[in-house]
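What the coordinates show
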Amino acid sequence: MSKTRFSSSAAIAGVLALSFLGGGMALAQEGRDPAYAAARSAGQVGEQKDGYLGVIGSQPAAIQAMVRDINNRRRAIYTDKAAGKSTIEEYAFATACRLISQTKPGEKYQAADGSWKTRDSGAPDRDARCP
């Protein structure tokens, strides 16, 4: 009996497919929170390349608490969706690829090099492993 080895890029591709199919509904709920929408449009928060929301610069405690709460919910979703299929980090990364691609012009996101960028009308600067 031979064992098949999967490359990390194959694993990421599989996780990407799973993240597009599930978990999107719960993450989409974040956009319905007026405080989240306001912070996002004001550039106070942005999508990180690891699948979590980031606080940009020095922000009030309320913004930091909101981001912590959202990230806790995201971690729970990632843990649930990744179970038996991938690692939590792989699932979170795959979701980051999708969330960054869904940012709108004017919104902040973390580029592949780790810097914060503001989305323009072009495609965002994503990790090369993203589809």
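This text gives an overview of the structure that appears in the document. (Residues numbered from 1 in each chain as written. Predicted model: local features only at pLDDT ≥ 70, side-chain atom pairs only at ≥ 80, totals over all residues. Heavy atoms only, no water.)

Side note on the nonpolar core
Tyr36, Ala39, Val45, Leu53, Ile63, Met66, Val67 and Ile70 form the largest nonpolar core, which has 8 residues in total. Of all the elements in the fold, those that place two or more residues in this core are helix 3 (34-41) and helix 4 (61-82). Ranked by residues supplied to this core, first place goes to helix 4 with 4 residues. Core analysis: the next-biggest nonpolar cluster, separate from the first, contains 7 residues, Tyr52, Tyr78, Ala82 and Ala92 among them. (Core = buried A, V, L, I, M, F, W, Y, C linked by side-chain atoms within 4.5 Å. Buried < 20%, exposed > 50% of the residue type's maximum accessible area, 1.4 Å probe, protein only. Helix = DSSP H or I, 4+ residues; strand = E, 2+ residues; numbered from the N terminus.)

Quick word on the pattern of salt bridges
Enumeration over the complete set of coordinates arrives at 6 salt bridges. With a closest N to O distance of 3.2 Å, glutamate 47 and arginine 40 form a salt bridge. By relative accessible area, arginine 40 is classed as buried at 14%. Here the residues in one salt-bridge network are Arg40, Glu47, Arg74 and Glu107, joined through shared partners. (Salt bridge = Lys/Arg side-chain N within 4 Å of Asp/Glu carboxyl O.)

Thoughts on the packing of helix 4 against helix 5 (residues 88-101)
Two quantities define a packed helix pair, namely the angle between the axes and the distance from one axis to the other. In contact at an axis separation of 9 Å, helix 4 and helix 5 are set at 115 degrees when each is read in the N-to-C sense. As helix 4 packs across helix 5, the resulting crossing turns out to be right-handed. Between helix 4, through Arg74, Tyr78, Thr79, Lys81 and Ala82, and helix 5, the contact on the second element is made entirely by Ile88, Tyr91, Ala92, Thr95 and Leu99. When grouped by side-chain class, the residues that make up the contact of helix 4 with helix 5 number 6 nonpolar, 2 polar and 2 charged. (Axes fitted to C-alpha atoms, helices over the stretch in contact; angles between N-to-C directions. Left-handed = near helix turned anticlockwise from the far one by under 90°. Contact = heavy atoms within 4.5 Å. Nonpolar A, V, L, I, M, F, W, Y, C, P; charged D, E, K, R; others polar.)

Section: helix 4
Taking 1.5 Å per residue, 22 residues should reach 32 Å; helix 4 reaches 31 Å between its end C-alpha atoms and fits that length. One or two steps after helix 4, the chain reaches glycine 84, where phi turns positive at roughly 75 degrees. (Expected span 1.5 Å × (residues − 1).)

A closer look at the packing of aromatic side chains
With the rule as written, the count across this model stands at 2 aromatic pairs. Between tyrosine 52 and tyrosine 78, the ring centres sit 5.3 Å apart and the planes meet at 70 degrees, which makes this aromatic pair edge-to-face. Within this pair, whereas tyrosine 52 is found in the loop between strand 1 (45-47) and strand 2 (53-55), its partner tyrosine 78 is found in helix 4, the two being separated by 26 residues in sequence. Judged by relative accessible area, which is 0%, tyrosine 78 ranks as buried. With a centroid separation of 5.8 Å and 55 degrees between ring planes, the pair formed by tyrosine 78 and tyrosine 91 is classed as tilted. Taken together, the positions of tyrosine 78 in helix 4 and tyrosine 91 in helix 5 put the pair 13 residues apart, joining distant regions of the chain. Put simply, the rings of Tyr52, Tyr78 and Tyr91 pair up and form one aromatic cluster. Stacked on the ring of phenylalanine 93, the Lys or Arg arginine 129 has its end atom at 4.3 Å from the ring centre. (Phe/Tyr/Trp six-rings, centres within 6.5 Å; stacked < 30°, edge-to-face > 60°. Lys NZ or Arg CZ within 6 Å of the ring centre and 35° of its normal.)

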